[in-house]
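The lines below spell out each chain.
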Amino acid sequence: MTSHRFRPRFAVVLIVLTTVIGLRPEVALGQSIPSPEEFFGFQMGADRKLARWDKLVEYYELLGRQSARLEVVHMGPTTLGNPFLALFISSPDNLAHLEDLRQMNATLSDPRGASEQDIERAIADGKAVIVQSMGLHSSEVGASQMAAELMYDLVTRTDDEITRILDETIAIMIPCFNPDGEIMIVDWYNENVGTDYEGVGLPWLYHHYIGHDNNRDAFQQNTVESQYGAKILFRDWIPQAYIDHHQMGAYGARIYVPPYAEPLRPSADPLVWREMSWYGAHIAYKEEEAGKDGVVNAAVYSGWGHFGFHWITPFHNIAGMLTESASARLATPLFVHPDQLNGSRGLPEYEAQTTFPNPWQGGWWHVRDIVEQQKIAAVAALDIAARHRATVLRNAYQKASRQIERGSSMSPAVFVIPADQHDPLTATKMVNRLLGQGIDVHQAPSEFTHEGRVYGAGSFVVSMAQPKRGVIRWLLGRTFYPDNTYTRDRDGNPIRPYDMSTDTMAEFMGVRVDPADSVVDTALATVDELLTPAGAVVQGQFGYVLDGRLNDSFKAANLLLAENIAVRRVTNSDAGAQAGDFIVPASATGTVVTEIARTTGVSFSALDIDATGVSQPLQRNRIGMYQRYYGGNMDEGWTRWLLEEFAFPYDTL
Ligand SMILES: [Zn+2]
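So, a few notes on the structure that sits alongside this text. (Residues numbered from 1 in each chain as written. Predicted model: local features only at pLDDT ≥ 70, side-chain atom pairs only at ≥ 80, totals over all residues. Heavy atoms only, no water.)

**Let's talk about empty space enclosed by the protein**
The method is simple in principle: a probe with the dimensions of a water molecule rolls over the atoms, and the space it marks as empty is what remains. A full pass over the atoms with the stated rule returns 2 cavities of 30 Å³ or more. What the largest cavity holds in volume is close to 60 Å³. If you trace the largest cavity, you find it lined by Leu50, Gly135, His137, Ser138, Glu140, Val141, Ser144, Gln145, Cys176, Glu182, Ile185 and Val186. Among the elements of the structure, helix 8 (142–156) and helix 10 (179–192) are those that each provide at least two residues to the lining of the largest cavity. No other element matches helix 10, which puts 3 residues into the lining of the largest cavity. Class assignment for the residues of the lining of the largest cavity results in 5 nonpolar, 5 polar and 2 charged. (1 Å grid on protein atoms, 1.4 Å probe; cavity = no way out; pocket = protein on both sides within 12 Å on 5 of 7 lines; lining within 4 Å. Points joined across faces, edges and corners; volume = space filled by probe spheres on them. Helix = DSSP H or I, 4+ residues; strand = E, 2+ residues; numbered from the N terminus. Nonpolar A, V, L, I, M, F, W, Y, C, P; charged D, E, K, R; others polar.)

**Points about helix 4 (residues 53–66)**
Across its 14 residues, helix 4 extends 20 Å between first and last C-alpha, which sits within 8% of the 20 Å expected from 1.5 Å per residue. The element helix 4 is extensively covered by neighbouring structure, given that 10 of its 14 residues are classed as buried. Within the sequence span of helix 4, burial applies to Trp53, Leu56, Val57, Tyr59, Tyr60, Glu61, Leu62, Leu63, Gly64 and Gln66. (Expected span 1.5 Å × (residues − 1). Buried < 20%, exposed > 50% of the residue type's maximum accessible area, 1.4 Å probe, protein only.)

**Observations concerning the pairing of strand 18 (residues 460–463)**
Each regular strand displays side chains that alternate between the two surfaces of the sheet. Across 4 bridges, the pairing between strand 14 (residues 414–417) and strand 18 is antiparallel. Paired with Ile417 across the strands is Phe460, a residue of strand 18. Of the pairings in the sheet, the one linking strand 15 (residues 442–443) to strand 18 comprises 2 bridges and is antiparallel in character. Looking across to strand 18, one finds that Gln443 is bridged to Phe460. (Pairing = 2+ DSSP bridges.)

**Thoughts on the layout of surface pockets**
One number sums up the size of the largest pocket: a volume of about 1,300 Å³. In terms of lining residues, the largest pocket is bounded by 39 residues, among which Asn222, Lys429, Arg433, Trp641 and Glu645 are the most central. Among the elements of the structure, helix 11 (224–236), helix 16 (424–436), helix 18 (505–509), helix 19 (551–562), helix 20 (590–600) and helix 21 (634–645) are those that each provide at least two residues to the lining of the largest pocket. With 8 residues, the single largest contributor to the lining of the largest pocket is helix 16. Residue composition of the lining of the largest pocket, by class: 14 nonpolar, 13 polar and 12 charged. As for the second largest pocket, its lining consists of 39 residues, and the residues nearest its centre are Ser139, Glu140, Tyr206, His212 and Gln247. Counting only elements with at least two residues in the lining of the second largest pocket, the list comes to strand 6 (241–248), helix 13 (309–312) and strand 11 (319–326). Tallying contributions element by element places strand 6 first for the lining of the second largest pocket, with 3 residues. Classifying every residue of the lining of the second largest pocket by side-chain character gives 17 nonpolar, 16 polar and 6 charged.

Just geometry here; none of it tells us what the structure is for.
Dropping the structure here:
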């Protein structure tokens, strides 16, 4: 995380001066802070107006320079090279001690090895950490606009509510989770505004590779955007709560707020589910207080969802939540006739019920409506955390320590990832994915026997006695979607799950993982950085052979072909080569071979037999990727991503 603060020298002088004369420095500076309306020339959410990401970045940089309440952090470039920001909002004093506060937060979210004194100090002196993100799904345009107004309010308001939030919390905002898509959508919208096509959807994916699946990528972190999100949420901060602000269809409730509907996905600490209800109740309460109609909770989105950011976070002991506002037509207002309004999961009729006491009656719906209701939700979550800071922090400790306790006493005790795998390099990638979640992984330096099985040196062990026990259980353990009243209709037919119902990474990646009921009793080393195995290179009389079972051997073969090296593929097993293996001639340049072995991890083993008779020359086929117009196709995008990962050249048609 690199911090870019461009606070000019005169601002420092001003801070000193205002401190001397006894004013809160950010208040004095706040007088020169332009409102979004002044800066962008329109109110956030105004009809047919969208602020573009480059201007939003400029605005956040400006706020960062002018307010001591805001630290703008550049996480790095997005997939298409745009800036990805994290905004830290707190009191100037808290921001001056951010690393110390982060350490206290880390003690509570993983109390292993901490003394009672450390824990009590972290509860007494720590701050509630709340992460919120906007604009993950770029066609849901409201949230990334709302963020600018929210930031302005947080850096300029001087009332008790905001002062308490600044003093008691560290609010971390990801003001746009997919900047590339925000730019695409804004440009597309502006191109068509005033034409017959105003407000229609983007005809291609709003994430270069994976479109709407960018949420579902939280458990695998294939994109850089997911990696930045994971760094903040799963490793550096592990907040007490996380809210991702989205939009849903246009013809139901006006906004969904936490908690989720049934069914629930078990294995999180129960406090986390109570917290979601607690935050959600306060959000709904503040929405009604402000006179916002059509607020529903405990509906639409089930507690068992895909492992996108808001649905995986509960298993990180984070109250991981969503808001979902009704959509307009991008930035164009939409008229909704009362007859068009429908119920949904948890809202069988579009009528008042305890979780939906105030149905919206229809009419015009504007992005401004979305901005206002989302801003209320964002502030409400911070408000309740600020009011109950010590409780929130003590329960962060409770959630983590109880999960550790469950992991120590319940089955399975560990998952063992054997060194002996069909494709050990893919097993290595899976271990890296686990590390990305902030999960502790250990490795055995030598062979050991556990519960009757012999595991080779280099096998990995994942203990369940750690705070992220819930994440481990769902990524590595066998998963069955519940079959009960909540998952069948009245006629007994299964109701489709909201989305993906399993996230068993091990199964998806073809990696063998053994659950075991007892702890592994052998010396283990902590895996403390991402694994980047380099392949060994040993030349034989007839060149090299590459194991055809490794996914990365295909990448190596593609890289060799790109160097015009004649690669062959074994068709019939023979001594020293198995069907499917790749054969590389001894004439291949040594430096090229070494470099490919290093970058792919694939070993180039000695080939000591003449395998010409049992192999065929490998030739490149031409690959055309069909890209449909109208909305794009995520499967096409994922396939393109896969081809690029494995160095297959292709043409887009
Ligand atoms: Zn969404």
